[in-house]
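# What the coordinates show
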Amino acid sequence: MLKKIGNWKITPLETGNFWLDGGAMMGSVPKVLWEKTNVPDDKNRIKLALRCLLLDNGESRVLIESGIGNKFDSKFSKMFSISQSKEPLCDALSNSGYSHKDITHILLTHLHFDHAGGIVKIDSDGQAKPVFPNAKHYISRENWDAGINPNPRDRASYLKENYVPVHDKGLFEFVLDNSEILPGISTYVVNGHTKGQQLIKIDSDDETLVFCSDLIPLESHLRLPWIMGYDLNADLTLKEKTEFLNLASSNNWWLFFYHDPETIAVKIKEDGKYYKVIEKVSIHE
Ligand SMILES: [Zn+2]
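Residues numbered from 1 in each chain as written. Predicted model: local features only at pLDDT ≥ 70, side-chain atom pairs only at ≥ 80, totals over all residues. Heavy atoms only, no water.

### Focus: the overall build of the protein
- Regarding its fold elements, the protein presents 8 helices and 16 strands.
- Taken against the 2.2 N^0.38 rule, which gives 19 Å for 285 residues, the C-alpha radius of gyration of the protein at 18 Å falls within 12% of a compact globule.
- The principal-axis extent of the C-alpha atoms belonging to the protein is close to 55 × 45 × 35 Å.
- Out of the 285 residues in the protein, the part that is buried amounts to 53%.
- Counted over contacts in the protein with a minimum sequence separation of 6, partners at least 24 positions apart contribute 66%.
- Here the protein displays about 12,500 Å² of accessible surface, and carbon together with sulfur accounts for 49% of that area.
- Positive and negative side-chain charges in the protein, numbering 33 and 39 respectively, have mean positions lying 3 Å apart. (Helix = DSSP H or I, 4+ residues; strand = E, 2+ residues; numbered from the N terminus. Rg over C-alpha atoms; globule rule 2.2 N^0.38 Å. Buried < 20%, exposed > 50% of the residue type's maximum accessible area, 1.4 Å probe, protein only. Contact = heavy atoms within 4.5 Å. Areas by Shrake-Rupley, 256 points an atom, 1.4 Å probe, with all protein chains shown as cover. Lys, Arg positive; Asp, Glu negative; His and termini not counted. Charge placed at Lys NZ, Arg CZ, Asp CG, Glu CD.)

Rendered as structure tokens:
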């Protein structure tokens, strides 16, 4: 894995795994195809990672995404077969030599529970509190609005207890679409999965890495028609994914996966119908 992009030292943080219905993850792709790349369990679910990314330039410590958190009951945990430590994000940070108090910026791609669940905890007094009181939290205005007034189709993924307590403390900043947040760190907004999802792009003279979030959740989704059934607008995802992958291929970007349980990042090249992987970083390295 590349360790730096420009001045930013980069550290992937594995916060745990969970399982989602394979059919819902692959949309119109038949099971005979997807079960070869993503092996289902006895409930037809496939494994997903919750891989956050930490950036440190010596001045700011920026965390992209926050995992699924730990505010759920055993029914929820069983439904998604969640496996993680008790304090998944803080444990992952301390394993890499950081404390939650060190974090200055939290960049959220969108507010679905498996991305934003880790920014609020229930304290010993039973109150919901921000996990990162020293950090500004960044979200697009459009996704904030989606989180407050969700579309009925993805309402179940927007759990207000994950983000309203942070907003109540005044810790949210709303980001204009496709704008720079910090030197070399900007957003790339797509709307097919949900409204106002901001991918995070880290640029330098030598390398660019994009945190692909739910535009390309798994390596399998590099195939253009493999689009999640969860997406609000699959046609728009196809258009956005095609544009994005063409840019990634011609500019030699690293694509960083939040949900792929095996593959951390890839570089791709256009290859006739789809794209071929020309460089890969996996969890086994
Ligand atoms: Zn999502």
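### Notes on the coordination of the zinc ion
- Only His110 (NE2), His112 (ND1), His193 (NE2) and Asp214 (OD) from the protein reach the zinc ion as donors, at distances of 2.1 to 2.2 Å.
- Seen from the zinc ion, its 4 donor atoms lie at angles of 88 to 171°, and the figure they make is irregular.
- Here the donor residues for the zinc ion map to a single chain with the spacing H-x1-H-x80-H-x20-D. On the criterion of sequence distance, the pair formed by histidine 112 in the loop between strand S5 (105-107) and helix H5 (113-116) and histidine 193 in the loop between strand S11 (185-190) and strand S12 (197-203) is long-range, its members being 81 residues apart.
- The class for histidine 112 is buried, based on a relative accessible area of 4%. (Donors = N, O, S within 2.8 Å, 3.2 Å for Na, K, Ca; no water. Tetrahedral: all angles 85-135°; square planar, octahedral: opposite > 155°, others 65-115°.)

### Overview of the sheet that holds strand S16 (residues 274-282)
- Taken together, 7 strands build an open sheet; the order of strands is S10-S11-S12-S13-S14-S15-S16 and the sheet is mixed. Only two strands of the sheet have a single partner each, and these edge strands are strand S10 (180-182) and S16. Each adjacent strand pair in this sheet contributes to an overall mean axis angle of 30°, direction not counted.
- Bridging between S10 and S11 involves 2 bridges; their strand directions are antiparallel. (Pairing = 2+ DSSP bridges. Axes fitted to C-alpha atoms, helices over the stretch in contact; angles between N-to-C directions.)

### Comments concerning the pattern of salt bridges
- Following the criterion strictly, the structure yields 9 salt bridges and no others.
- Where aspartate 125 meets lysine 129, a salt bridge forms, and the shortest distance between an N and an O atom there is 3.2 Å.
- Residue aspartate 125 is classed as partly exposed on the basis of its relative accessible area, which comes to 49%.
- For glutamate 207, the salt bridge goes to lysine 267, with nearest N and O atoms at 3.1 Å. Within this pair, whereas glutamate 207 is found in the loop between S12 and strand S13 (208-211), its partner lysine 267 is found in strand S15 (residues 263-271), the two being separated by 60 residues in sequence.
- Overall, the relative accessible area of 4% leaves lysine 267 in the buried class.
- If you follow the salt bridges from partner to partner, you end up with Asp123, Asp125 and Lys129 in one network. (Salt bridge = Lys/Arg side-chain N within 4 Å of Asp/Glu carboxyl O.)

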